[in-house]
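# Observations on chain architecture
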Amino acid sequence: SERPAPEPPEAVEPPIDVFYEGHQVAIVADVPGVSLEELDLKVEGRVFSLSTKKTARRIYHKELVLDTDVEPGSLQATCNNGVLEVRLQTPKEPN
């Protein structure tokens, strides 16, 4: 009898904290087992999304609606010891 194909591992929603600091938004996520290179981070409007690339051994997926507009090009991310830290700039108020 043929064995069923193994189920793909389920995507896990990582725990995420969001901090609003002046003209910055900081997003901190626990993503043990993956490196920054294996993560796909996107910002579309106020929606921040995190997912893992096909090469990653663990699968994470999370979408987050932010309380403020952010500059999509300002995304900076670091990942150390399984903790992802993303920083985004909010648009400066026109003077």
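Look up a bit, the structure's there.
Residues numbered from 1 in each chain as written. Predicted model: local features only at pLDDT ≥ 70, side-chain atom pairs only at ≥ 80, totals over all residues. Heavy atoms only, no water.

## Here's the deal with the side chain of Ser49
In plain terms, the rule: For the purposes of this entry, the term helix denotes a DSSP run of H or I that reaches at least four residues, the term strand denotes a run of E that reaches at least two, and both are numbered from the N terminus. Contact definition: two residues touch when any of their heavy atoms are within 4.5 Å.
One can find Ser49 in strand E4 (residues 47–52). Filtering out sequence-adjacent residues up to four positions away, Ser49 remains in contact with Asp40, Leu41, Lys42, Lys62 and Glu63.

## Re the nonpolar core
Short version of the rule: To define a nonpolar core, start from buried Ala, Val, Leu, Ile, Met, Phe, Trp, Tyr and Cys residues and group those joined through side-chain atoms within 4.5 Å. Exposed residues in this analysis have more than 50% of their type's maximum accessible area, buried residues have under 20%, and partly exposed residues fall in between, with area computed by a 1.4 Å probe over protein chains only.
Core analysis: the largest hydrophobic core is formed by 20 residues, its most contacted members being Ile27, Val31, Phe48, Leu50, Leu66, Leu84 and Leu88. Mapped by element, the contributors of at least two residues to this core are strand E2 (24–30), strand E3 (39–44), E4 and strand E7 (83–89). Once residues within four sequence positions are removed from consideration, Leu50 is found in contact with Pro14, Ala29, Val31, Leu39, Asp40, Leu41, Tyr60, His61, Lys62 and Leu84.

## What about the pairing of E3?
Note the threshold: The rule for pairing is simple: two strands pair if DSSP sees at least two bridges between them.
Residues Leu39, Leu41 and Val43 of E3 are buried on one face, while the alternating residues Asp40, Lys42 and Glu44, pointing to the opposite face, are not. Looking at chain direction, E3 and E4 are connected through six bridges and run antiparallel. Paired with Leu41 across the strands is Leu50, a residue of E4. Following E3, the chain reverses through two residues before pairing antiparallel with E4; Gly45 in that reversal takes a positive phi of roughly 65 degrees.

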